[in-house]
Amino acid sequence: MALVTTSQKEEVSVASTSTSVEEAMETEEGSSQAGASAERQNPKHRLVHLDLKGAPPKLSYLAQVIPLFKKFGATGLLVEYEDMFPYNGELRDLAAAHAYSQEEIQQLQELAKEHDMLYVPLVQTFGHFEFVLKHDTFRHLREVDMYPMALCPSNTESIVVVKKMIDQLMAAHPDVRYLHIGADEVFHLALCKTCKLRLAEQTWTDRQLFLDHIMTVLSYIKVMYPNVKAIMWDDMLRETSMTHLQAYGIGEMVEPMVWCYLPRLSGTFLTVSFEDLWKKYAAVFKSAWIGTAFKGATGSSQYIVPINYHLQNHMAWLAQLDNIPSSLTVQGWALTGWSRYDHYATHCELLPAAIPCLALCLQTVVHGGFTEDCDFHRKVSEELGFSQTLQVQLVPKIKTIAREGRFPGAKLFQGVHVLVNLDADYIEFLNGDRYTGWMTDYHVRKNFTNPCHLEFIIHMASRLQEEFTKLHREMDSTLSEMYDPSTVEEWLVVHFKSPIDKLSEILRTAKTQIERYSSRTTCSS
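This section reports on the structure supplied with the text. (Residues numbered from 1 in each chain as written. Predicted model: local features only at pLDDT ≥ 70, side-chain atom pairs only at ≥ 80, totals over all residues. Heavy atoms only, no water.)

Looking at the pairing of strand S7 (residues 229-233)
Side chains on a regular strand alternate between the two faces of the sheet.
Phase 1 of the analysis: Among the five residues in S7, four count as buried, and that is most of the element.
Phase 2 of the analysis: One ladder, built from three bridges, connects strand S6 (residues 178-180) with S7; its direction is parallel. Across the sheet, residue Leu-179 finds its bridge partner in S7, namely Ala-230.
Phase 3 of the analysis: The pairing of S7 with strand S8 (residues 254-259) spans four bridges and is parallel. Its bridge partner being in S8, Ile-231 is matched across the sheet by Glu-255.
Phase 4 of the analysis: Where the polypeptide runs from S7 across helix H10 (residues 242-248) and back to S8, its parallel neighbour, the crossover connection is right-handed. (Buried < 20%, exposed > 50% of the residue type's maximum accessible area, 1.4 Å probe, protein only. Helix = DSSP H or I, 4+ residues; strand = E, 2+ residues; numbered from the N terminus. Pairing = 2+ DSSP bridges. Right-handed = clockwise from strand over helix to strand, strands pointing away.)

This is the structure we're talking about:
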């Protein structure tokens, strides 16, 4: 992963900042990238995405970090509840055991209002429906019986459930101006017998079936909640023809959120070029949003945030702004922070570990670019409690572990930095010459081992086990301050159980082998 190059520095103009930290944090609407208008450079909204389907923070922690979001340039929240919303009645099974209460939902909205931030709730309406379709009560709504990801749009009960979900969500958010309906990554579409029959009878494509369902959802929102504007992810629209989009009138009903989390957007955008995509969207829609990522986009089990990767993603989008036709209004940015790739996936990076990255990404959008020597890099670092500028190039092994930081969650940020180095040492040990050369399964099975090398293996495995155990204890305490017990348990098991168990096994085996020797001869390692 390359750092910012000289040529990129020349292409990206960083707005000048004043001397105080407070002024550096301000959202200067006048700052802009060379060649882009102020309006293009700084669209009205900058939403921070809270993906609550994985590691949902306690409200007490969100109350500490939401003011930070605002300080670094956020103007709103995009809140993806999934099973953290307190569904009730016929939908009560959808709510997780640790779901937020109605009172907590209200408190979260009040936090946003207190800091003059837009609040956009997100409800799934088609794909990523695992948290609904995993339940036996709703299994019959699956498009493919074996897979719980997408509901069947041809089952008349599907839209009934979606409407009830929307109604419960809206009842808890009576003052919102926007509602995000998800609608991304519908991987299983037009596969069941009923859907195939509809396609044959209507002479439809699978994208028309998609549009038919989405338009039913959007029409319901427009009728029941006329003051609310709908937003949806754009990926299912990319390969849908302009003719079909215009024929269904979707442009009058929703604003697409065009997302891409890669560090470079040039070339093709999946199978559609950006040039063609903007041309089509400008002919269909009046306005759109940009979707970037500050975490959760570089691996389903990633736990440390590669800051440079995400900075490059935001700079790529800044460079893309001038390519968007002037007839298509850019409403704003949504800086997504994914916590799981889907309902069944493990956690990716936790929010506290991503606060520095989020701060830099927000300021990059505010000021129109980033270089490692830019003024706000230093000031953001100082504001977060670091004596030196934040490292943006972090993986595969961090050279210097940041043991500083005064922001909420700084201990967790430090902890994952320790873990990434510890994991690197562990992998190096497992692949090292001593273990792979003198303690193979063959050697152990044949009792053909050299105690001189076994003693070194025991020394290294003991040290690693001690460090993993110590960090496990520290992370248990740190995580418990911000997360519920189920989140703490999952994160600790995923990241610590395997290495600790493996090291214990190695130690038992090595000690058993050594006990075979009546005389304990040691040698220098």
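As for unusual backbone geometry
Phase 1 of the analysis: Phi is positive for Asp-116, close to 55 degrees, though the residue is something other than glycine.
Phase 2 of the analysis: Of note, Asp-116 is situated in the loop between helix H5 (102-114) and strand S3 (118-122).
Phase 3 of the analysis: Using a relative accessible area of 63% as the deciding quantity, one classes Asp-116 as exposed.
Phase 4 of the analysis: Backbone geometry places Asn-447, a non-glycine residue, at a positive phi of 50 degrees.

Comments concerning the environment of Leu-118
Phase 1 of the analysis: When you line up the elements, Leu-118 lands in strand S3.
Phase 2 of the analysis: Look at Leu-118 and you get buried, because its relative accessible area is 9%.
Phase 3 of the analysis: C-alpha separation for the pair Leu-118 and Thr-75, spaced 43 residues apart in sequence, amounts to 6.3 Å.
Phase 4 of the analysis: If near-sequence neighbours (up to four positions away) are discounted, Leu-118 is found in contact with His-45, Leu-47, Thr-75, Gly-76, Leu-77, Arg-177 and Tyr-178. (Contact = heavy atoms within 4.5 Å.)

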